[in-house]
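# Descriptive analysis of the structure
Each chain is listed here by its residues.
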Amino acid sequence: MSRTAAGRRARRTRTFVTAGATVAGLLLAAGCSSGGDGPGEAAGGVPVVEKGKLTTCTHLPYPPFQFEQGGKVVGFDVALVDLVAKNLKVEQKILDTPFENFKTGAFLNSGECDLAAAGMTITDERKKNVDFSVPYFDATQALLATKKSGVTTLADVKAKNAKLGAQAETTGESYATSQGFDPVAFESSDAVLNGLRTGQVDAVVIDYPVVQGWLKDKANADAFALGENIETGEQYGFSVKKGNTKLLAAIDKAIKDAKADGTYDKLYEQWIGPLPQGQS
């Protein structure tokens with residue numbers, strides 16, 4: 001996501017199976033979650049930290065990219081990584097991890113995860129610590145405000161002296177700060193939405209697909225108004241430990257193949273919504 005690095009939650013990991021996996025159930029784990037059979041190799045000699053698994057670090061919730069539904073983690077990112085796992089003849093396993101590790105690649109470097117998938121923007125700063133896949137999503141920020149505030153632009157926020165919020169350590173927060181705002185920082189996307197609902201802030205800057213998801217709920221659509229879209233040129237990528245070229249190649253191939261055969265479009269429409277004009 002356009003998230004950059006925070007989290008500020010207790011240091012823990014939670015382990016999930018995905019909707020695409022054959023194993024059922026939900027396991028909560030404290031600390032290191034790997035376990036099982038130790039490291040192994042997937043199809044094509046791709047190294048994995050746990051035999052028979054492709055272990056993905058993420059940070060929940062961040063719908064529509066990854067979120068819990070019926071005891072499993074689902075979403076656009078999850079579905080794309082399931083394609084990688086299928087090609088590698090393994091099963092995706094997801095660890096819900098503190099977000100501060102995504103900037104540093106800590107869980108990748110420690111061998112707890114094979115890749116990170118968290119709606120994560122590719123940045124030069126992050127490239128110092130991890131290797132990124134080809135971009136799989138063009139991201140846009142959006143302004144969402146309470147209808148009673150009358151705010152539709154960042155200029156309105158200034159003019160009305162309204163309270164602005166964003167998710168902590170995200171590119172949305174960075175953008176707002178770069179425009180001269182001092183936004184209220186919330187720990188997660190759920191906390192951002194709750195901040196709007198409870199009047200802690202009048203408007204927020206956050207990823208447009210997240211806003212789309214929120215507005216599918218009638219209560220949210222009745223209370224909040226979508227304001228301006230903010231083009232920041234962001235693109236999302238999956239990350240791997242530096243030098244993990246075999247896995248990176250497998251991820252890139254799955255993304256490119258999905259775009260070529262129409263699978264990407266179907267998943268986009270399923271999890272995010274109508275394709276942007278001009279995209280096919």
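Description of the structure in this document.

Rules behind the numbers
- Residues numbered from 1 in each chain as written.
- Predicted model: local features only at pLDDT ≥ 70, side-chain atom pairs only at ≥ 80, totals over all residues.
- Heavy atoms only, no water.
- Salt bridge = Lys/Arg side-chain N within 4 Å of Asp/Glu carboxyl O.
- Helix = DSSP H or I, 4+ residues; strand = E, 2+ residues; numbered from the N terminus.
- Buried < 20%, exposed > 50% of the residue type's maximum accessible area, 1.4 Å probe, protein only.
- Core = buried A, V, L, I, M, F, W, Y, C linked by side-chain atoms within 4.5 Å.
- Contact = heavy atoms within 4.5 Å.
- Pairing = 2+ DSSP bridges.
- Axes fitted to C-alpha atoms, helices over the stretch in contact; angles between N-to-C directions.
- Disulfide = S-S within 2.5 Å.

## Some thoughts on the pattern of salt bridges
It is possible for side chains bearing opposite charge to pair when their charged atoms get close. The tally for this structure, following the rule as stated, stands at five salt bridges. Among the ionic pairs, Lys 242 bridges to Asp 131, the shortest N-O distance being 3.0 Å. With Lys 242 in the loop between strand S16 (239-241) and helix H10 (245-261) and Asp 131 in strand S10 (residues 130-132), the pair connects residues that are 111 residues apart, well separated along the chain. Of the charged contacts in the structure, one is a salt bridge between Lys 218 and Asp 222, with a shortest N-O distance of 2.8 Å. Of this pair, Lys 218 and Asp 222 are both found in helix H9 (residues 218-223), four residues apart, which corresponds to roughly one turn of the helix. Judged by relative accessible area, Lys 218 falls into the exposed class, the value being 61%.

## Description of the environment of Lys 259
Take Lys 259: it is sitting in helix H10. A relative accessible area of 41% means that Lys 259 is categorised as partly exposed.

## With respect to the nonpolar core
What tends to happen in soluble globular proteins is that the nonpolar side chains get buried as a cluster. Residues Leu 54, Phe 76, Leu 88, Phe 137, Trp 214 and Phe 238 are the most contacted members of the largest nonpolar core, which totals 49 residues. Tallying contributions element by element places H10 first for this core, with seven residues. Residue contacts for Phe 238: discarding those within four places in its chain leaves Asp 77, Leu 80, Val 81, Leu 115, Ala 116, Ala 117, Asp 131, Phe 132, Ser 133, Tyr 136, Ile 251 and Ile 255.

## As for the sheet that holds strand S13 (residues 184-186)
Pairing within the open sheet is mixed, and its five strands lie in the order S13-S12-S14-S11-S15. Strand pairing shows two members of the sheet lacking a second neighbour, S13 and strand S15 (224-236), which therefore form its edges. Strand-to-strand twist across the sheet, computed as the mean angle between neighbouring axes with direction ignored, equals 25 degrees. In this structure, strand S11 (residues 137-146) lies alongside S15, joined through eight bridges in antiparallel fashion. Across the sheet, residue Ala 139 finds its bridge partner in S15, namely Glu 234.

## Section: the state of the cysteines
Scanning the model with the defined rule gives one disulfide in all. Through a disulfide, Cys 57 is tied to Cys 113; the S-S separation comes to 1.9 Å. Its S-S torsion of approximately 60 degrees makes the covalent link between Cys 57 and Cys 113 right-handed. You can see Cys 57 sitting in strand S5 (residues 53-58) and its partner Cys 113 sitting in the loop between helix H3 (106-109) and strand S9 (115-116), a full 56 residues away along the chain. The class for Cys 113 is buried, based on a relative accessible area of 3%.

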